[in-house]
Amino acid sequence: MSMLKRRKGSETKKASNSEPQTDKDYETREKERDEKQKKSKQEDYENNKKRNLKKWSCVDSCCWFIGCICSIWWFLLFLYNAMPASFPQYVTEAITGPLPDPPGVKLHKEGLKANHPVVFVPGIVTGGLELWEGHQCAEGLFRKRLWGGTFGEVYKRPLCWVEHMSLDNETGLDPSGVRIRPVSGLVAADYFAAGYFVWAVLIANLARIGYEEKNMYMAAYDWRISFQNTEVRDQTLSRMKSNIELMVATSGGRKVVIIPHSMGVLYFLHFMKWVEAPAPMGGGGGSDWCAKHIKAVMNIGGPFLGVPKAVTGLFSAEAKDIAVARAIAPGVLDMDVFGFQTLQHVMRMIRTWDSTMSMVPKGGDTIWGGLDWSPEEDYECNTKKIKSNDTQTVSQNGKGSSGNAKHANYGRIISFGKDVAEVHSSKIERMDFRGAVKGSNLANTTCRDVWTEYDDMGVGGINAIADYKVYTAGSILDLLHFVAPKMMKRGSAHFSYGIADNLDDKKYEHYKYWSNPLETKLPNAPNMEIFSMYGVGIPTERAYVYKLSPAAGCYIPFQIDTSAEGGLESTCLKGGVLSVDGDETVPVLSAGFMGAKGWRGKTRFNPSGIRTYIREYNHAPPANLLEGRGTQSGAHVDIMGNFALIEDIIRVAAGATGDDLGGDQVYSDIFKWSEKINLRL
């Protein structure tokens, strides 16, 4: 029976299949086909979308991240410029209470008026530089800033930018086909970049009591080249001399107040010797030129005796911040990205800037200390920050003592290994590097486009440096001569780092000694005053723990060992950097020693007895973000907006003396440390 049913069913099916198709069946099949095609297209779209997502790379993420940051920054900047000028102040006062009057407003109410002409001397990197002639890659950049402003060309065409910012490695002057010159006028250094002031706040406050461009002058210069070469190439020293003479003549004979900042302090020290020296080496002004034209020199953040971080910049193209970045992202700054090896290119560029060698520590072990002693050896670190309007205590500014801290060996500017930085020198086994044979080229010919002198050292030379273990200020020069002979050959022709035995020796009439206060005399100007004005209360780089870098092509073989920490016994060692009191860039010892001891009274360095004053400004960070960079900062650049410092400057420009300001203002141990230095005066 079941067999019969199945046979009938199959016969019925065959019969139905043999029937002709109707229009309705055809439409149904077309709809099914269309649905299949749509489904297929949807699947293809989804697959393509997945493939595109897989192609998204780290570079895409970085580009989007940078784009978002830039967009947000420009949007906020637009809002800031679009809002009423009084709005930020209104918001700040609503949160923090009434703000004090700016110094210019306060002193104008007291009746102070513009008196002595003012000359600003900017420091390294803060002055703008513009292109006057360049290679094909710099097309369209005529008279555009390559340094300062927006720094747009750094990320648009980095290799072209490095090529133009670098100087000739043999002469220290312009390379062929390139002319970069300093921007002129007050705009040369009022702002370093958009929204980041340098001299702008001081200029604005001076304007409050009547100053204008006719009695203010920015002595801009090309801060990359050696001091004497600014005269050889640009006649910058002659221009400064002429402008000062003009300002004195047009102001009724009133002498000028000079305000140098940072490396500008050394540059003006060079100028004071140059202007007195006979031509052609000097300006021919005679021995009484400074006495006739200068009322006071108010040095801000002056690295008179150099800065240790200049050594690490030349040695490994890094300081504390760069070392931290290398530790967070190992290899990123050393890697080859689109042919741009970041640190190697930076080192190649910086080593052509002769001015950087003016800030190598001066005075050797006599000033900076040896293997087992340093003037600041009893300094005890305290990381507690003093906020605005907080009451200062002795322990907060570095004079306090916990009694438990371990003395740091600040005299060991570079140590290979934390143990080497801490043990007694008798336990250190050293092999002299000076006679070491430099091996074959490590990096071969592929690195010649980013050549640094390390490429010619080889394994033997690099190991010899590490085997010497520790370097003091007395051996740092030998180290730099070994690792960068071309750079030091140029530098040695323009700068000196010793202590003069006899300042009457004719050799000290050469310009290479003029920027070293330990190898030159102050001018014969007994009525002139010299101020050393600088911030204190900020951990400042003083010595470093190094290690060998992992071997790689086109690499810098040494780097700061950020894993080196002092622990509970020594809080001064953090991230491979030993810190001491200072303004975050210049240690107190360098900024204050000459004013505290070397020039204090009549000495062989100050034969006419020019009055010297120490004016320290204890750092207080802003209480909140609305205060910006703060009005009580002691940081190396931010101090230019410090209300107390600006008030001191305005008072002197208006006619006050150092005694009128109250004489010395000291928070650090500069006088105590200076007494530990055995220097014949």
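In this text, all values refer to a predicted model and were calculated from it rather than measured experimentally. Residue positions are given per chain, counting from 1 as you read along its sequence in written order. Only residues with pLDDT of at least 70 get local features here, since the model is predicted, and only at 80 or more are side-chain atom pairs given and counted; chain-wide, interface and lining totals rely on the full set of residues. The basis for every side-chain value is the complete set of heavy atoms in the structure, and neither hydrogens nor water enter the calculation.

Novice: I keep staring at unusual backbone geometry and nothing clicks. Help me out?
Specialist: Residues Ala-279 and Pro-280 are joined by a peptide bond in cis, for which omega reads 5°. Here Pro-280 lies in the loop between α11 (263–276) and α12 (289–293). Residue Val-125 is not a glycine yet carries a positive backbone phi of 65°. Within the element layout of this structure, Val-125 appears in the loop between β1 (118–121) and β2 (129–133). The partly exposed category is assigned to Val-125, whose relative accessible area is 28%. Located in the positive-phi region is Glu-584, a residue other than glycine, with phi close to 90°. Tracing the chain through its elements places Glu-584 in the loop between β18 (577–582) and α21 (588–598). Strands are runs of DSSP state E lasting at least two residues, helices are runs of H or I lasting at least four, and both sets are numbered from the N terminus onward. Buried residues are those whose accessible area, probed at 1.4 Å on protein chains only, stays under 20% of the maximum for their type, while exposed residues exceed 50% and partly exposed ones sit between those limits.

Novice: Any chance you could explain the environment of Val-586 here in plain terms?
Specialist: Position of Val-586 among the secondary structure elements: in the loop between β18 and α21. Under the relative-accessibility criterion, Val-586 is labelled buried at 3%. Each C-alpha atom, one on Val-586 and one on Tyr-534, is 8.7 Å from the other, the two residues being 52 residues apart in sequence. When checking whether two residues touch, look at their non-hydrogen atoms; a contact exists if any pair is within 4.5 Å. Setting aside chain neighbours within four positions, we find Val-586 in contact with Gly-301, Gly-302, Pro-303, Val-307, Thr-540, Ala-591 and His-636.

Novice: Sorry, what's going on with the environment of Val-577 here?
Specialist: Here Val-577 shows up in strand β18. Given the relative accessible area of 1%, Val-577 is considered buried. Considering only alpha carbons, one finds Val-577 and Val-545, 32 residues apart in sequence, at a separation of 6.4 Å.

Novice: What's the story with the state of the cysteines in this structure? I'm lost.
Specialist: Note on terminology: disulfide describes a covalent bond linking the sulfur atoms of two cysteines. Cysteine sulfur pairs qualify as disulfides if the two atoms are within 2.5 Å. Enumeration according to the criterion identifies two disulfides in this entry. Here Cys-137 pairs with Cys-160 through a disulfide, and the sulfurs are 2.1 Å apart. The S-S bond linking Cys-137 to Cys-160 shows a torsion near 80°; that makes this disulfide right-handed. With Cys-137 in the loop between β2 and β3 (145–147) and Cys-160 in helix α7 (residues 158–165), this pair connects stretches of sequence that are 23 residues apart. Across a sulfur-sulfur distance of 1.8 Å, Cys-381 and Cys-572 are joined as a disulfide pair. Taking the sign of the S-S torsion, 120° for the link of Cys-381 and Cys-572, the bridge is right-handed. With Cys-381 in the loop between α16 (364–368) and β12 (414–416) and Cys-572 in the loop between β16 (558–560) and β17 (573–574), this pair connects stretches of sequence that are 191 residues apart. A relative accessible area of 5% places Cys-572 in the buried class.

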